[in-house]
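Structural overview for review
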Amino acid sequence: MLKTRTLTPSYLENTSQQEDTFTKRFRKQITVQIFVWLGLLFLLVFSYLPMFGILMAFKDYKITSGIAGIFTSDWVGLRYFKELVNDYNFPNLVRNTLVLSILKLVFSFPVPIILAIMLTEVRSSFVKRFVQTASYLPHFISWVVVSGIGFAFFSTETGLINNALMSLGLIDQPLDILTNPNSFWGLAVSTAIWKEAGWWTIIFLAAIAGIDPSQYEAAQMDGAGRLKRIMHVTLPNMKGSIIVVLILSIGSILGGGLVGSNFEQVMLFGNVLNSETSQIIQTYAFNAGLAQGRFAFATAIDLVQSFISVILIVSSNAIAKRFSGSSLY
Amino acid sequence: MGNNKTARKPAMILLAVTILAGLITGCSGNNSENSSTSTSASGTSETENNTSSTGKIVELKLFVDQPWWPLKDWSGSIPEEITKQTGVKLNITVATDEKQLPLMIASGDLPDLVVTGTNAQLKRLADPSLSYSWQELIDKYAPDFKIDPQYIAVNTADDGSYYTIRNNFSTSAEWKANEKYALNTGAGISVRSDIMEELGNPKVETLSDLNNLFAKVKDKHPEMVPLVLNPNPAWAKGYFATQFGAEKEGFGDKEGQLVHTLRTPELEKMYLYMNELYRSGYVKAENFAYKNEDQAKQIMTSGKGFAYAWTIEGADRLTSETKASGYKWVQLPVKISDTFKVENYGSGWQGVFISKNNKNPEASIKLMQFLMSEEGQRLALWGIEGQDYKMSDDGGYPVFTYDRSSDEVKNEKGIYWWGLLAGSAVNEALGNYVPGTETTKASQQLSELITFKPEVGLVQPAADSQEEVIKNNIATMMQTEEAKIYLATSEEEAKKAFANMAQQADKMGLENLETWANTKYAEVKGNFNQ
């Protein structure tokens, strides 16, 4: 039997036989096939069909013309792109978007890794469970609530922290954290870490849990201390997960990366006083696009941002592949 | 094991098919709904017709494009009475933010009726593919619905049809006929009366008196904020703009020509004065970070604020809201400067549109006919005669049996706000006339000083036009940049920030906008005088 199969490769089998095998296999896999096709259909409907809307970025589109208007409106070339670049706020928007995103990546990316390693090293299971729960719970709080908490804490008039510091005599003037352009990036990064770091720790804890204990035992036999074991066993074993998460977060860096929500943070914590550092491309697109009903202009802005994101994800993937051998694809 | 597998398979297939069906229906739901509503839109008059013939209540959906709208449903004695009179019951959806309506327009998912007061949306909805022309519906279903030609003139869209009649407008004849009691409203400042008394009720007749007052409050009550500004930029600077004779935004008439406020020295002076208020510590920087009215109002009702820049109704409304704490509020005089000037450019505010998705255009136009009638306006704005109000002895104004300044009572009765769907400026004003109240005293002062120029308000660029883009861009830029003037640390810096703002507006195409506005103004004035 084995011999026959080797001598008659599949491409030499006749068509009816092939069809039989195909139908048979398809029928056998029908349940799985339905799920796969459903997934593909979902992608087609919600991810690919809307891409026709990108045409709007090059057209004189008016919202009253409906979906058909995407195809029937007149072409305007790169008018909206030029308008964006010539906007008086454009350099600020680009700077804020990039700086906020990079700061978040640099400061928030290592936190879940460090937290996961620290949690594994903790012996008391109560402390471990308590810290883990306390750190991932904020993930479930919406940004609207977080901004409300932020206001209750940092307001110069009614904020708990300012009131406490003033009554203790530690400060003479309330700290204007919510309205000072210089404090916005710090506020955004720290609240993002507080909210999301615990959640991402779970992935790294899972990666650590998968490490073969014999590696630790061997390292211990060789005289490796706790720090050496982390450096030479834990971290190398986490490398794969770290790189995948890093690529994903670089791909979505302009949206805020791992800790996400640049947009929500700016909408809620941003105000006219800190707009110098808080306005980003996404909020600009939202305000210009939806508040004024300029969908075509907003599409052009988002297209620019998506283009930058694609470049970032492809290049970070290539770099990861080159230097570590691990990559998304 | 084998049995288990066979039993599981059909269940899995069923689950998959259900998800698939859900996905498909989910995607097509919108279209099918639209097609069914559009079919019924053309055929309803015969089938559903009006209530009077069938006795059935017609339920229509109304979208309110104002996130701050206090009434969230069609309940209370007044809406019930309107339903009784018209056979129409409205199911209300209040916007969560100002972006919701543009999205609904884009998706073609408009409800039966839409009420909006935003210029851009008013212009956008005045489109035959989105809304019914009122004239068309009146000719077909309500030939006895007569509208004053001046109301039609100020609401006619560029295509010659009118798609709504906005509220808060009255003809000069109506104003004249009610000049004793129909008083104007505008921006004002309310102050705590107990603190005024404590300070010996100092006279506030000039801007420097006002400065002195704030200085005394700051000195005697360092824990208080001397002045809180309403987060709405128009109310925040409204009182000061009138003192300097400046327009808050957009164009003003200067000797027959439209001039953008950014080009006027009056606006600069107003900003410099407001910057001085900040530098003197009378206004807090955080005030400019408030995003909704409640944040500012809370400072006042909690007793942390002394003066509140809002409307001339502010004192009565705050007194009513702070009943529990016992604070009382009074209005500062309307005019405290020689350069005071206030011109009313209003040609109406918000309007109801009957969308092309409307299930029953006949009932809709008849509802608007009722709400616009004198009887309908009085019911919706004031209440049931004999029960909620009776006319004064000379028949000039309504005397209310309920606390008119209490938002709580108004919300419970469902009164006043639904009256704004079609209320005239005069009827609104008559409802505000309560002898002896702070609002009425301030309104009387303001009414003597105000001049009307509705034609200026009619100069509005078409939706999605280049002029509209420039106008919106400049308005958005001003909101961000003016904060820099308010919070400048020296007068020099404030002047520089103002010059920078004016320069930015120039770069954004202010000159083109001005040329367009003056051409349009000449055209509007021509039509208006006819």
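For every chain, the first residue of the written sequence is number 1, and numbering continues from 1 along that sequence. Chains carry letters and ligands carry numbers; both start at the beginning, A for chains and 1 for ligands, and go up in the order they are written. Per-residue local features of the predicted model are confined to residues with pLDDT of at least 70, and side-chain atom pairs are confined, for both listing and counting, to 80 or more; whole-chain, interface and lining totals are unaffected and use all residues. Neither water nor hydrogens contribute to the side-chain values; these are computed over all heavy atoms in the structure.

**Structural notes on the nonpolar core**
By size, the foremost hydrophobic cluster in this structure holds 128 residues, and its most contacted members are B:L90, B:W134, B:L210, B:L227, B:F240 and B:F306. Residues are treated as being in contact if the distance between any of their heavy atoms lies within 4.5 Å. Setting aside its immediate chain neighbours within four residues, B:L90 contacts B:L60, B:L62, B:W74, B:L113, B:L367 and B:L421. Of all hydrophobic cores here, the second largest spans 35 residues; its members include A:Y80, A:A288, A:F297 and B:L110. Here, nonpolar core refers to any group of buried Ala, Val, Leu, Ile, Met, Phe, Trp, Tyr and Cys residues whose side-chain atoms link them within 4.5 Å. Exposed residues in this analysis have more than 50% of their type's maximum accessible area, buried residues have under 20%, and partly exposed residues fall in between, with area computed by a 1.4 Å probe over protein chains only.

**A look at the sheet that holds strand β5 (residues 225-229) of chain B**
Residue and element names in this part refer to chain B. In this description, strands pair whenever DSSP reports at least two bridges between them. Secondary structure follows DSSP: runs of H or I at least 4 residues long count as helices, runs of E at least 2 residues long count as strands, and numbering of each begins at the N terminus. Reading across the sheet, the four strands line up as β5-β8-β4-β9 and stay open at both edges, with mixed pairing between neighbours. Each edge of the sheet is formed by a strand with only one pairing partner; in this case those strands are β5 and β9 (329-331). Neighbour to neighbour, the strand axes of the sheet diverge by 25° on average, direction disregarded. Lines are fitted to the C-alpha atoms to define the axes, a helix being fitted only along its stretch in contact, and any angle between axes, read from their N-to-C directions, falls within 0 to 180 degrees. Along the sheet, helix α14 (residues 314-321) makes contact with β4 (187-192), β8 (305-311) and β9, crossing β9 at roughly 175°.

**Here's the deal with the environment of B:K341**
Relative to the assigned elements, B:K341 resides in the loop between β9 and β10 (342-344). The exposure class of B:K341 is partly exposed, given its relative accessible area of 33%.

**Some remarks on the packing of aromatic side chains**
Here is the rule: rings of Phe, Tyr and Trp (six-membered ring for Trp) pair when centre to centre is within 6.5 Å. Planes less than 30 degrees apart are stacked, more than 60 are edge-to-face, and the remainder are tilted. One pass over the full model with this rule turns up 36 aromatic pairs over all chains. Centroid distance A:Y136 to A:W199: 6.4 Å. Interplanar angle 70°. Geometry classified as edge-to-face. Note that A:Y136 is positioned in helix α8 (residues 125-136) and A:W199 in helix α11 (residues 181-209), a separation of 63 residues in sequence. According to the relative accessible area criterion, A:Y136 is partly exposed, its value standing at 25%. Ring geometry for B:Y151 against B:F169: centres 5.3 Å apart, planes inclined by 85°, an arrangement best described as edge-to-face. Here B:Y151, found in helix α7 (residues 149-155), pairs with B:F169, found in the loop between α7 and α8 (172-177); they are 18 residues apart in sequence, far enough to count as distant.

**Examining the packing of α11(A) against helix α13 (residues 226-251) of chain A**
Residues and elements named next belong to chain A. Running from amino to carboxyl end, α11 crosses α13 at an angle of 140°, the nearest separation of the two axes being 9 Å. Judged on the interaxial angle alone, α13 and α11 are oblique. By crossing handedness, the relation of α11 to α13 is classed as right-handed. Contacts between α11 and α13 involve W200, I203, F204, A207 and I208 on the former and, on the latter, T234, M238, S241, I242 and V245. Taken together, the residues that form the contact of α11 with α13 break down as eight nonpolar, two polar and no charged. Roughly parallel means an angle under 35 degrees; roughly antiparallel, over 145; roughly perpendicular, 65 to 115; everything else is oblique. A crossing counts as left-handed when the near helix is turned anticlockwise from the far one by less than a right angle, and as right-handed when that turn is clockwise. Polar here means any residue outside two lists: the nonpolar Ala, Val, Leu, Ile, Met, Phe, Trp, Tyr, Cys and Pro, and the charged Asp, Glu, Lys and Arg; Gly therefore counts as polar.

**Notes on the interface of chain A and chain B**
Listed as interface residues are 40 residues of chain A and, on the opposing side, 44 residues of chain B. Taking both sides of the interface into account, the surface hidden between chain A and chain B amounts to around 3,600 Å²; carbon and sulfur atoms contribute 65%. Contact with chain B buries area across many residues of chain A, yet A:Y88, A:E157 and A:Q292 alone supply 20% of it, more than any other trio. Put simply, a salt bridge is a Lys or Arg side-chain nitrogen that is within 4 Å of an Asp or Glu carboxyl oxygen. The interface formed by chain A and chain B contains zero salt bridges. In protein, a polar contact means a hydrogen-donor-capable atom and an acceptor-capable atom, both N or O and within 3.5 Å, with residues adjacent in sequence counting only if both atoms are side-chain atoms; elsewhere, any N or O pair within 3.5 Å suffices. Where chain A meets chain B, there are four residue pairs in polar contact (both at pLDDT 80 or more). Of all the secondary structure elements, the ones that give two or more residues to the side of chain A that touches chain B are α2 (15-28), α3 (30-48), α5 (79-86), α14 (262-269) and α16 (281-291) of chain A. The greatest single-element share of the side of chain A that touches chain B, amounting to nine residues, is contributed by α3(A). A per-class count over the side of chain A that touches chain B returns 20 nonpolar, 13 polar and seven charged. Once two parts are put together, the accessible area they lose, assessed with a 1.4 Å probe and summed over both, is termed the buried area.

**Here's the deal with the pattern of salt bridges**
All names here are of chain B. Tallying each qualifying case throughout the model produces 29 salt bridges over all chains. D388 is paired through a salt bridge with K413; the nearest N and O atoms lie 2.7 Å apart. A residue pair is termed long-range when its members are at least 10 positions apart, and D388 in the loop between α16 (374-381) and β12 (389-391) and K413 in helix α17 (residues 407-413) qualify at 25 residues. Comparing D388 with K413, the two get one shared label, buried. Linked by salt bridges that have partners in common, E313, R317, D407 and K410 make up one network.

**Some words on the side chain of B:K413**
Under the relative-accessibility criterion, B:K413 is labelled buried at 18%. Those residues in contact with B:K413 that sit more than four places away from it in its chain are B:S75, B:G76, B:S77, B:I78, B:P79, B:D388 and B:Y402.

**Considering the pairing of strand β2 (residues 88-94) of chain B**
Residue and element names in this part refer to chain B. Burial of β2 is one-sided: the residues V88, L90, I92 and V94 facing one way are buried, the residues K89, N91 and T93 facing the other way are not. In the sheet, strand β1 (residues 58-64) pairs with β2 via seven bridges, with the strands oriented parallel. If you follow K61 over to β2, its bridge partner there is N91. In this fold, the crossover linking β1 to β2 by way of helix α3 (residues 77-86) has right-handed handedness. Note on handedness: a crossover is taken as right-handed if, strands pointing away from the viewer, the path from the first strand over the helix to the second is clockwise.

**With respect to the confidence of the model for chain A**
Overall, the prediction assigns chain A a mean pLDDT of 87, with 94% of residues at 70 or greater. pLDDT runs from 0 to 100 and stands for how confident the predictor is about each residue. Low confidence marks residues 1-6 of chain A, where pLDDT is under 50. Its contacts with residues over four positions away, or in another chain, come to zero contacts.

**Section: the sheet that holds strand β11 (residues 351-354) of chain B**
Residues and elements named next belong to chain B. Spatially, the four strands line up as an open sheet ordered β2-β1-β3-β11, and their pairing is mixed. In this open sheet, the two strands that pair with only one neighbour each are β2 and β11. Here the average twist between neighbouring strands, direction ignored, is 25°. Relative to β11, strand β3 (residues 113-116) is paired through four bridges, and the arrangement is antiparallel. In the strand pairing of β11, T116 is matched with G351. Contacting β1, β2 and β3, helix α4 (residues 100-107) crosses the sheet at an angle of about 125° to β1.

**Quick look at the confidence of the model for chain B**
All names here are of chain B. Residues at a pLDDT of 70 or more form 89% of chain B, whose mean pLDDT is 88. Of all helices and strands in chain B, the one with the weakest mean pLDDT is helix α1 (residues 2-47) (45), whereas β11 scores best (98). Per the prediction output, this complex has pTM 0.76; the corresponding ipTM is 0.74.

**Thoughts on the packing of α16(A) against helix α17 (residues 295-324) of chain A**
Residues and elements named next belong to chain A. Interaxial distance between α16 and α17 falls to 7 Å at its minimum, and their mutual angle equals 165°. If you check the angle between α16 and α17, you find them roughly antiparallel. As α16 runs across α17, the sense of the crossing is left-handed. Contacts from I281, Q282, Y284, A285, A288, G289 and L290 of α16 reach α17 at F295, F297, A298, I301, D302 and Q305.

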